[in-house]
Amino acid sequence: MARVLFTPVFQSVKNMSADSTIAPMLINGEWLSTHAGFPVVNPANGEQLALVSDGTADEALSAVDAAHAAFASWSVTTCHHRSAILYRAWELMLARKAELADLMTREQGKPLRAATNEVQYAADFLLWFAEEAKRMYGESIPSARGDQRFIVHHHPVGVVAAITPWNYPVSMITRKVAPALAAGCTVVLKPAEATPLCAVEVFRILEEAGVPAGVINLVTTASPAPVGKVFCEDERIKKLTFTGSTPVGRKLSAEAAPSLKRVSMELGGHAPFIVYPDADPVHAAKGAALVKFLNTGQACICPNRIFVHRNIATEFVETLASRVSKMKAGDGRGEGIAIGPLVNEAALHKVDKQVADARDKGAEIVCGGQPLTDGNLAQGHFYAPTVLTGVREDMLIYREETFGPVAPVVVFDDEDDVIAMANDTHYGLAAYVYTNNLSTAMRAFEQLRFGIIGINDINPTSASAPFGGMNHSGLGREGAREGLLEYLETKLGGFSI
Ligand code: NAP
């Protein structure tokens, strides 16, 4: 029989709490529960899934103590040893793919198939960094002086504090923890309040794979600010890695600045999706429907402004609307569900406000355009998958990240103007281009100021490719070779012989 995740956790823990139904945190190798817990609910139906330990600054400090103490021994293990542990974690995660995906669907809401894909993506980082761990090569640099030799080595930066969001509750953890462990760093992680159960299961896998006590520590909380303050201010933490919204990333960067710790910021996006007149509008519309409604629009790389050339706009919009209006919303464990719930009431309100603002300023709602409340949908935060046309730059949706299932279409005439329109944002994470003209594709690739550009491709992401944004979308890259360097110091030796 399939294991039911997050129930067995309680059987093996040393509970400090009188209430053994409170999901625990992992600090210094011990699974500990606080006396009071915060509820985690299924966003599809409001059902309470569990109570979870509500950590404070004190628990965060204990976790930092543990990570600091463990760094001395972990940082001098061989990279082959760390690689072997990451391989085991990869195998364990794949073995539990179905259960983890089911838990993710209940806790976060995305359809089961998408949750299964996310677990695979999360496991990919464990495998990739198990391999990269063994490639922490140094360098020998020729000197201008005959009696001098330069060598460059890489060393782990130290204790890493990590903060992750709810929208990709497993892969956003492995994308940080796997390279940190590969590099020889120790970790203290705070997951999102909405999805701590997925985090507990990831940490159980890492522990079972052989990560020693104190090397990875998990602090769950419903009050992120005090925990974040410890992460930003404690001098023993040498790096802060954050994935989440731009305003919170900016605040944490400022809080971390006095201690001059390294920061990596994976922040919000406002992706343009450009369809040039030579592109196949049907093919492009199918792509737009897939990537825009990924995770119900709650992905940082979701298109938020779809620019379509006037010559092909009618066919594009017809195909898009026909696909989108057939998307079925509901509990992600149901058959054929493409649209899960939004994370909470505030998210639903934000989407509805952007749509109302666009409509009031003249946009046409081609399909969708309202919250879904029929039958069981009333128990969750559902919004009808929506296509808007006639979107203009004075509308909120043209400027703000939506993080919901709304596709805003802007018609353009001039191919030079569209690049300027696409770049007219503080964000710079993902962008998409559809064209069959090689020169147009290359010009767009070179001129768009975004960190990830899909050319006739709606999934330009992989554990082996650098992920990250420019401008207000962040600092640093995750995955790929770059992802390991984020956790390494460069040390130069100059030898006079
Ligand atoms: P968020 O509100 O910024 O939260 C992200 C994380 O920060 C959560 O763990 C949150 O805890 C925590 N947090 C909030 N305030 C904090 C504080 N004062 N101190 C310390 N931690 C704090 O973002 P979100 O709503 O979870 O995620 C959506 C955003 O993430 C979107 O903007 C999306 O584009 C971005 N994102 C970016 C990437 C990327 O790779 N660039 C990937 C995924 C998502 P609580 O949950 O308790 O609030």
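1. A look at the domain arrangement of the chain
Right, on to step 1. Under the domain assignment used here, the chain contains domain 1 (2-267 + 473-493) and domain 2 (271-462).
Right, on to step 2. Computed over C-alpha atoms, the centres of domain 1 and domain 2 are 31 Å apart.
Right, on to step 3. Counting from both sides, the interface comprises 22 residues of domain 1 and, opposite them, 28 residues of domain 2.
Right, on to step 4. At the boundary of domain 1 with domain 2, total buried surface from both sides reaches about 1,900 Å², with 56% on carbon and sulfur atoms.

2. Focus on the pattern of salt bridges
Right, on to step 1. Counted under the stated rule, the structure contains 20 salt bridges.
Right, on to step 2. Between Glu 478 and Lys 176 there is a salt bridge, with its nearest N and O atoms 2.7 Å apart. You can see Glu 478 sitting in the loop between strand 24 (474-475) and helix 15 (480-485) and its partner Lys 176 sitting in helix 5 (residues 171-183), a full 302 residues away along the chain. The burial state of Glu 478 is the same as that of Lys 176; both residues are buried.
Right, on to step 3. Asp 331 serves as the salt-bridge partner of Arg 333, at 3.5 Å between the closest nitrogen and oxygen.
Right, on to step 4. Looking at Arg 333, the relative accessible area reads 38%, which means it is partly exposed.
Right, on to step 5. A single network of salt bridges, built from pairs that share partners, joins Asp 65, Asp 234 and Arg 236.

3. Observations concerning the packing of aromatic side chains
Right, on to step 1. Scanning the model with the defined rule gives seven aromatic pairs in all.
Right, on to step 2. A ring pair is formed by Trp 166 and Phe 403, whose centres lie 5.8 Å apart and whose planes are at 85°; its orientation type is edge-to-face. Of this pair, Trp 166 sits in the loop between strand 8 (159-163) and helix 5 while Phe 403 sits in the loop between helix 12 (396-399) and strand 21 (406-412), and the two are 237 residues apart along the sequence.
Right, on to step 3. By relative accessible area, Trp 166 is classed as buried at 19%.
Right, on to step 4. With centroids separated by 5.8 Å and ring planes inclined at 35°, the aromatic side chains of Phe 273 and Tyr 432 adopt a geometry described as tilted. With Phe 273 in strand 13 (residues 271-275) and Tyr 432 in strand 22 (residues 430-434), this residue pair connects regions lying 159 residues apart in the sequence. Each member of the pair Phe 273 and Tyr 432 is classed as buried.
Right, on to step 5. Three or more aromatic residues joined by ring pairs form one cluster here, namely Phe 273, Tyr 432 and Tyr 434.
Right, on to step 6. Against the face of Tyr 168 rests Lys 110, its NZ or CZ located 4.0 Å from the ring centre.
Right, on to step 7. A cation over a ring is seen here: Arg 175 above Phe 467, with NZ or CZ 4.1 Å from the ring centre.

4. Quick word on the site of the ligand
Right, on to step 1. The ligand sits among 30 residues. The nearest are Thr 164, Arg 175, Ser 245, Leu 267 and Glu 401.
Right, on to step 2. Contact distances for the ligand include 2.7 Å between an oxygen atom and a side-chain N or O atom of Arg 175.
Right, on to step 3. Glu 193 places a polar main-chain atom, nitrogen or oxygen, 2.9 Å from an oxygen atom of the ligand.
Right, on to step 4. Summarising the interface, the protein chains cover 88% of the accessible area of the ligand, which totals 900 Å² for the free molecule.
Right, on to step 5. Secondary structure elements with two or more residues in the shell around the ligand: helix 5, helix 7 (224-233), strand 11 (237-243) and helix 8 (246-256).
Right, on to step 6. Class assignment of the residues belonging to the shell around the ligand gives a composition of 16 nonpolar, eight polar and six charged.
Right, on to step 7. Per-domain counts for the shell around the ligand show at least three residues from each of domain 1 (2-267 + 473-493) and domain 2 (271-462).

The rules behind each value
- Just so you know, the residues in each chain are numbered from 1, in the order the chain's sequence is written.
- With pLDDT at 70 or above as the cut-off, local features in this predicted model cover only qualifying residues; side-chain atom pairs require 80 or more to be listed or tallied, and sums for whole chains, interfaces and linings still use all residues.
- As a convention, hydrogens and water are excluded, and side-chain values are obtained from all of the structure's heavy atoms.
- The start and end points of each domain follow an automatic or database-based domain assignment.
- Contacts are residue-level and defined by heavy atoms, with any inter-residue pair within 4.5 Å sufficient.
- By buried area we mean how much accessible surface two parts lose on assembly, using a 1.4 Å probe and totalling the loss over both.
- Salt bridges, as used here, are contacts in which a Lys or Arg side-chain nitrogen is within 4 Å of a carboxyl oxygen on Asp or Glu.
- Helix and strand definitions follow DSSP, with helices as H or I runs of at least four residues and strands as E runs of at least two, each counted in order from the N terminus.
- Classification of residues uses two cut-offs on accessible area relative to the type maximum, computed with a 1.4 Å probe and protein chains only: under 20% is buried, over 50% is exposed, and between them is partly exposed.
- Centres within 6.5 Å make a pair out of two Phe, Tyr or Trp rings, where for Trp the six-membered ring is used; the pair is then stacked when the planes are under 30 degrees apart, edge-to-face when over 60, and tilted otherwise.
- Should the NZ of a Lys or the CZ of an Arg lie within 6 Å of a ring centre and within 35 degrees of the ring normal, that charge is described as sitting over the ring.
- We call a residue near a molecule or strand when any one of its heavy atoms sits within 4 Å of it.
- Any pair of N or O atoms that falls within 3.5 Å is considered a polar contact. Within protein, one atom must be able to donate a hydrogen and the other to accept it, and sequence-neighbouring residues count only if both atoms are side-chain atoms.
- Only the protein chains shown count as cover for residues, and all accessible areas are computed by the Shrake-Rupley method using a 1.4 Å probe.
- Here the nonpolar group is Ala, Val, Leu, Ile, Met, Phe, Trp, Tyr, Cys and Pro; Asp, Glu, Lys and Arg are the charged ones; every other residue, Gly included, is treated as polar.

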